Amino acid sequence: MKNLALILTLLLLVSCNNDDENNNITSETQIDLVTGINVRQDEFSTPIQLGNPNVFTNNQFITFPNPATEALSLLSPQGITDVWIVPANADKIYQETNFSSILNSDLYAETLIQQNTELGFSDLNSTNLILNLEDLSSGYYKVFVKINGSIFWENIYIAGNNFEIDDLINYWN
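Below is a summary of the structure that appears in this document. (Residues numbered from 1 in each chain as written. Predicted model: local features only at pLDDT ≥ 70, side-chain atom pairs only at ≥ 80, totals over all residues. Heavy atoms only, no water.)

We now examine the pattern of salt bridges. Counted under the stated rule, the structure contains one salt bridge. Close ionic contact of Lys 146 with Glu 110 constitutes a salt bridge, the shortest N to O distance being 2.7 Å. Separated by 36 residues along the polypeptide, Lys 146 in strand E9 (residues 139-147) and Glu 110 in helix H2 (residues 110-116) bring together distant segments of the chain. Glu 110 gets classed as partly exposed once you look at its relative accessible area, which sits at 26%. (Salt bridge = Lys/Arg side-chain N within 4 Å of Asp/Glu carboxyl O. Helix = DSSP H or I, 4+ residues; strand = E, 2+ residues; numbered from the N terminus. Buried < 20%, exposed > 50% of the residue type's maximum accessible area, 1.4 Å probe, protein only.)

Okay, here's the thing in structure tokens:
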């Protein structure tokens, strides 16, 4: 009887551990999660928020156009030293989350960002960058930038040939 109780206890512990691991696969701070984007045509246009973007720009930089096609512009009042573009997946979860209370420049280690980067630029010192995106597939990405030693990020969408803005809007509505 004691052996049976021990076996059942072990099975219960193993089952709970697996459930806990599966529940942590997607979290508000997962590096490849996009919960919304800020659509912006140019540097002067007011962004249109779709979904609940899990971004942390802290007014340190802007990206445009978003959605992008062949190139993406980055503007910052201070010098951008590094840029990493990480493939991401859009999900309409966490639409009620207050990301401003969760996200900060210390959230992602630079090594984690580099490990997930599909396209990166380093040793820069520019307030105005134009990045060539022609080698990237259409879809969602996170653009990480380093400014004065701090990391900030924005979510972008790279549009393919048959892209319709209404499809993007309808997805997030």
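Where a protein is soluble and globular, its nonpolar side chains tend to be buried together. Membership of the largest hydrophobic core comes to 29 residues, with the highest contact counts inside it found for Leu 74, Val 83, Phe 144 and Val 145. Where this core is concerned, the elements lending two or more residues are strand E5 (71-87), strand E8 (126-132), E9 and strand E10 (150-158). Here this core gets seven residues from one element, more than from any other, and that element is E5. When sequence neighbours within four positions are dropped, the list of residues in contact with Leu 74 reads Phe 61, Ile 62, Thr 63, Ile 80, Val 83, Thr 127, Asn 128, Leu 129, Leu 131, Val 143 and Val 145. (Core = buried A, V, L, I, M, F, W, Y, C linked by side-chain atoms within 4.5 Å. Contact = heavy atoms within 4.5 Å.)

Attention now moves to the packing of aromatic side chains. Counting across every chain of the model gives nine aromatic pairs. Seen in terms of ring centroids, Phe 56 and Phe 152 are 5.5 Å apart; in terms of plane orientation they differ by 15°. Their pairing is stacked. Residue Phe 56 is found in the loop between strand E3 (48-51) and strand E4 (62-64), and its partner Phe 152 is found in strand E10; the two are separated by 96 residues along the sequence. Judged on exposure class, the residue Phe 56 and its partner Phe 152 are both buried. With a centroid separation of 6.1 Å and an interplanar angle of 90°, the aromatic rings of Tyr 140 and Trp 172 are classed as edge-to-face. (Phe/Tyr/Trp six-rings, centres within 6.5 Å; stacked < 30°, edge-to-face > 60°.)

Nothing here speaks to function; it is geometry throughout.
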